[in-house]
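# Fold and contact review
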Amino acid sequence: MEKRYIYADNSATTKVSESVLSEMLPYFTEEYGNPSSIYRLGRNAGRAVEDARARIASVFGCQPSEIYFTSGGSEADNWAIKGVADKLFAKGKKHIVTTAFEHHAVLHTCEYLAKKGFEITYLPVGDKGYVTAKQVEDAIREDTALVTIMYANNEIGTIMPIPEIAEVCHKKGVLFHTDAVQAVGNVPINVKEQGIDMMSMSGHKIHAQKGIGFLYVRKGIVLPNLIHGGGQEKGRRAGTENVPAIVGLARAVEDACADIPAKTERISAIRDHIIDGILSSVPASRLNGGIEHRLAGNINISFLGVEGESLLLMLDMNGICASSGSACTSGSLDPSHVLLSLGLPHEVAHGSMRLSIADPITPEDGDYIIEVVKTVVEKIRNMSPLWEDIKNKKQGTERWLSFVSPVE
Amino acid sequence: MMLYSEKVMDHFANPRNVGEIEDADGVGEVGNAKCGDIMKMYIKVDNGIITDVKFKTFGCGAAVATSSMATEMIKGKKIEDALKITNKAVVEALEGLPDSKIHCSVLAEQSLKSAIADYYKRQGVDPEPIVGKIPECESCH
């Protein structure tokens with residue numbers, strides 16, 4: 001098998017596309033003016049920023065004035081959640097509804113607010129990784145300030161029923177925010193039609209550069225100013241605009257949302273081929289997260305008796321870039337909170353691998369991935385005393401077996 | 001993010017002394033599956049000298065590399081010299097480890113001691129005065 005190089009970590013970040021880069025380039029050395037300046041060079045830059053805002057608004061079905069550029073998803077999440085909390089706490093609203101498997105930008109923000117006196121409800125996500133509108137409805141209380149639920153999960157790719165969730169929030173008169181970082185470009189999003197009050201997104205997941213994103217804030221919601229200073233972003237987030245990044249973001253959004261159905265069909269066919277190929281050839285494995293309503297490029301599989309970081313290093317030696325939810329790769333003692341939220345034991349979560357595929361992946365790349373994963377897992381298991389214990393049915397190992405396919 | 005040295009990557013990619021010894025004179029196992037690392041070490045002892053050593057490890061890149069390095073360091077050594085090998089020596093031999101991976105080297109030292117303790121037990125000798133106490137995995141307790 002000839003060695004290939006396959007970047008399969010597009011949920012971590014993506015390559016800046018040629019189209020994005022070429023739109024950005026003039027704003028570094030030619031149209032480099034400050035958008036706040038009065039002369040032509042400044043006006044041109046200012047026009048580019050406002051034009052980008054309008055292009056983005058048109059893709060998501062909102063007004064340009066409702067788009068606030070940020071440094072990315074984490075900043076947008078922080079601003080939305082802390083901003084609403086700040087405004088509504090004084091009115092006696094001190095409860096937030098979220099899920100157990102949000103991105104840390106949301107979870108850690110909620111934990112911060114919990115220390116400030118908020119109560120947080122973390123909705124369970126079941127063994128497949130979904131929440132329902134009914135769960136949200138039941139969790140909302142008189143004093144609920146905000147519901148914040150991710151559009152699609154970054155590790156297991158499951159997509160939440162956002163329009164239905166937004167509907168129950170509105171029925172109960174509660175604001176709804178969604179972290180759509182992983183969903184943009186995968187799910188058609190129209191914030192008005194879907195009833196989204198606030199939405200965070202990040203450019204570098206869709207082939208724009210790192211360090212740019214936006215927060216959509218529905219007209220009528222007034223968040224506290226995030227950065228005090230000049231009048232940029234209507235004075236809400238001061239600081240000279242990152243003009244090239246903003247221009248690139250607009251192009252990336254347009255490209256990513258241009259033909260979602262065809263892209264979904266193409267990528268999900270390869271995804272399913274890889275999932276089937278791995279699950280059918282590697283014993284004691286499992287797919288994490290439901291296959292229905294799943295991001296087209298997301299594959300998350302656990303292998304019993306294997307540790308995730310070793311797996312990633314060996315995949316890397318074979319030219320495949322992937323990620324894992326093992327404790328070792330998370331930099332903490334516990335494996336991924338997302339995998340644990342599905343009810344997985346630590347021992348099963350440690351052996352996880354996430355592949356997030358995107359264009360220009362080919363079916364042949366898929367075949368290569370299947371072959372490499374098969375070989376590498378076998379190699380790791382051959383030197384794993386844990387795998388030996390599992391095969392020998394050592395006491396204590398049987399409780400993991402119900403989570404995976406048969407060992408032999 | 002952490003960076004592994006060339007030496008760590010070499011020992012991870014080409015681990016030395018992987019396997020089992022069927023008629024081992026001492027077998028030690030440390031770590032646990034919940035934490036994500038287990039090391040199992042087999043030694044063959046002849047006349048107080050460790051003549052052969054093999055290991056199996058479930059764990060991250062550093063866990064594999066430290067076990068591999070530890071086996072290389074004790075092979076052919078007298079037991080008392082092998083017992084002098086500390087986790088620090090293993091880290092140095094690997095040209096360093098990221099801070100978050102130092103516990104792997106501790107585990108490697110412990111797996112080695114645990115195999116030697118087992119050897120003494122099989123000889124009818126109380127290992128504790130010689131090898132010392134082997135603590136439980138710190139991160140889990």
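Quick caveat: nothing in here was measured; it's all calculated off a predicted structure. (Residues numbered from 1 in each chain as written. Chains lettered and ligands numbered in written order. Predicted model: local features only at pLDDT ≥ 70, side-chain atom pairs only at ≥ 80, totals over all residues. Heavy atoms only, no water.)

Right, let's get into the overall build of chain B. Of regular secondary structure, chain B possesses six helices and three strands. Over its C-alpha atoms chain B spans a radius of gyration of 14 Å, differing by no more than 12% from the 14 Å that the globule rule assigns to 141 residues. Expressed as lengths along the three principal axes of its C-alpha atoms, the size of chain B is roughly 45 × 30 × 25 Å. With 141 residues in all, chain B has 53% of them scored as buried. Residue pairs in contact within chain B that sit at least 24 positions apart in sequence constitute 61% of those at least 6 positions apart. In the form shown here, chain B has an accessible surface area of approximately 6500 Å², with 47% of it arising from carbon and sulfur atoms. One finds the centroid of the 17 positive side-chain charges in chain B at a distance of 0 Å from the centroid of its 22 negative side-chain charges. (Helix = DSSP H or I, 4+ residues; strand = E, 2+ residues; numbered from the N terminus. Rg over C-alpha atoms; globule rule 2.2 N^0.38 Å. Buried < 20%, exposed > 50% of the residue type's maximum accessible area, 1.4 Å probe, protein only. Contact = heavy atoms within 4.5 Å. Areas by Shrake-Rupley, 256 points an atom, 1.4 Å probe, with all protein chains shown as cover. Lys, Arg positive; Asp, Glu negative; His and termini not counted. Charge placed at Lys NZ, Arg CZ, Asp CG, Glu CD.)

On to the pairing of strand 6 (residues 175-179) of chain A. Residues and elements named next belong to chain A. Most of strand 6 is tucked away: five of the five residues are buried. Here strand 5 (residues 144-148) pairs with strand 6 via three bridges, running parallel. Considered in strand 6, the bridge of threonine 148 is made with histidine 177. In the classification by handedness, the crossover that spans strand 5, the intervening helix 7 (residues 162-171) and the parallel strand 6 is right-handed. With three bridges joining them, strand 6 and strand 7 (residues 198-202) adopt parallel strand pairing. By the bridge assignment, aspartate 179 is partnered in strand 7 with serine 200. (Pairing = 2+ DSSP bridges. Right-handed = clockwise from strand over helix to strand, strands pointing away.)

This part is about the interface of chain A and chain B. On the chain B side, the residues contacting the 23 residues of chain A number 27 residues. Between chain A and chain B, roughly 2000 Å² of surface is buried when both sides are summed, and carbon and sulfur atoms account for 65% of that area. The interface formed by chain A and chain B includes three salt bridges. Two residues, B:Lys40 and A:Glu388, come together in a salt bridge whose shortest N-O distance is 3.5 Å. (Buried area = accessible area lost by both parts, 1.4 Å probe. Salt bridge = Lys/Arg side-chain N within 4 Å of Asp/Glu carboxyl O.)

All names here are of chain A. Reported here for the second largest pocket is a volume of approximately 840 Å³. In terms of lining, the second largest pocket is formed by 35 residues, of which the most central are Asn10, Thr14, His207, Ala358 and Asp359. Going through the elements one at a time, strand 1 (6-7), helix 9 (243-256) and helix 10 (260-281) are the ones with two or more residues in the lining of the second largest pocket. Split into classes, the residues belonging to the lining of the second largest pocket amount to 16 nonpolar, twelve polar and seven charged. (1 Å grid on protein atoms, 1.4 Å probe; cavity = no way out; pocket = protein on both sides within 12 Å on 5 of 7 lines; lining within 4 Å. Points joined across faces, edges and corners; volume = space filled by probe spheres on them. Nonpolar A, V, L, I, M, F, W, Y, C, P; charged D, E, K, R; others polar.)

Let us now look at empty space enclosed by the protein. What the rule picks out here adds up to one cavity of 30 Å³ or more. Volume-wise, the largest cavity comes out at about 50 Å³. Forming the boundary of the largest cavity are A:Glu307, A:Ser310, A:Met314, A:Ile380, A:Met383, B:Thr57, B:Phe58, B:Gly59 and B:Val64. Elements that contribute at least two residues to the lining of the largest cavity include exactly helix 11 (308-317) of chain A together with strand 3 (49-58) of chain B.

What follows covers helix 9 of chain A. Residue and element names in this part refer to chain A. For helix 9, spanning 14 residues, the distance from its first C-alpha to its last is 20 Å, which sits close to the expected 20 Å at 1.5 Å a residue. Where burial is concerned, most of helix 9 is hidden: eleven out of the 14 residues are buried. Those residues of helix 9 lying buried are Val243, Pro244, Ala245, Ile246, Val247, Gly248, Leu249, Ala250, Ala252, Val253 and Ala256. (Expected span 1.5 Å × (residues − 1).)

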